[in-house]
Amino acid sequence: MTEPIFDHDRLDVYRLSIDYVAQSFAVAKELNGLHRHARDQWLRAAQSIPLNIAEGNGKRQQQTRAKFFDDARGSTSESAACLDALVARGVCSPPRVVDGKQMLQRVFPMLTKLVPAI
């Protein structure tokens, strides 16, 4: 990743989520044909995590910021579910998705701390 320029670039959760996106695309290269739709849904969910973090971090109203961080948290859960579905369908082996699941397991509580109780 490049040198931080924007405020969101400095957030550990943002950098970790970008690493997750890179890892996801590396695994997704192997999926095509019948598995194209599952791959596309997974990659949309994966990319939604850092996109929502960046957008939320740029908002000034606390409630609006919280909504985007909460959306990122939802996309984190969706990404984990996509990985589970890929394993259940036999598209990926459990060892192939373990790194991604571990990254998501770290991202989720980081986002939880960014979402204040409203």
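Described in the following lines is the structure provided in the data block. Given the structure is predicted, the values throughout are model-derived calculations rather than measurements. Residue positions are counted from 1 within each chain, in the order its sequence is given. Local features in this predicted model are restricted to residues of pLDDT 70 or higher, and side-chain atom pairs are both shown and tallied only at a pLDDT of 80 or more, whereas totals for entire chains, interfaces and linings draw on every residue. With hydrogens and water stripped out, all remaining heavy atoms of the structure feed into the side-chain values.

Side note on the environment of Leu 43
In step 1: We count a stretch as a helix when DSSP gives it H or I for four or more residues in a row; a strand needs E for two or more, and each element gets its number in order from the N terminus. Secondary-structure assignment places Leu 43 in helix H2 (residues 36-57).
In step 2: A sequence separation of 38 residues divides Leu 43 from Ile 5, and the C-alpha atoms of the two residues are 25 Å apart.
In step 3: Residue contacts are counted whenever heavy atoms from the two residues lie within 4.5 Å of one another. Setting aside anything within four residues of it in sequence, one finds Leu 43 in contact with Ser 24, Phe 25 and Ala 28.

Here's the deal with the nonpolar core
In step 1: Take the buried Ala, Val, Leu, Ile, Met, Phe, Trp, Tyr and Cys residues and link them wherever side-chain atoms come within 4.5 Å; each set so joined is a nonpolar core. Only protein chains enter the accessibility calculation, which uses a 1.4 Å probe; a residue is then buried when its area is under 20% of its type maximum, exposed when over 50%, and partly exposed in between. Counting residues in each nonpolar core, the largest one holds 29 residues, and the members touching the most others are Tyr 20, Trp 42, Ile 53, Leu 86 and Cys 92.
In step 2: Counting residues per element, the ones that place at least two in this core are helix H1 (12-28), H2, helix H3 (62-88) and helix H4 (94-114).
In step 3: Once residues lying within four places of it in the same chain are set aside, the contact partners of Trp 42 are Tyr 20, Ser 24, Val 27, Ala 28, Leu 31, Ser 79, Cys 82, Leu 83 and Leu 86.

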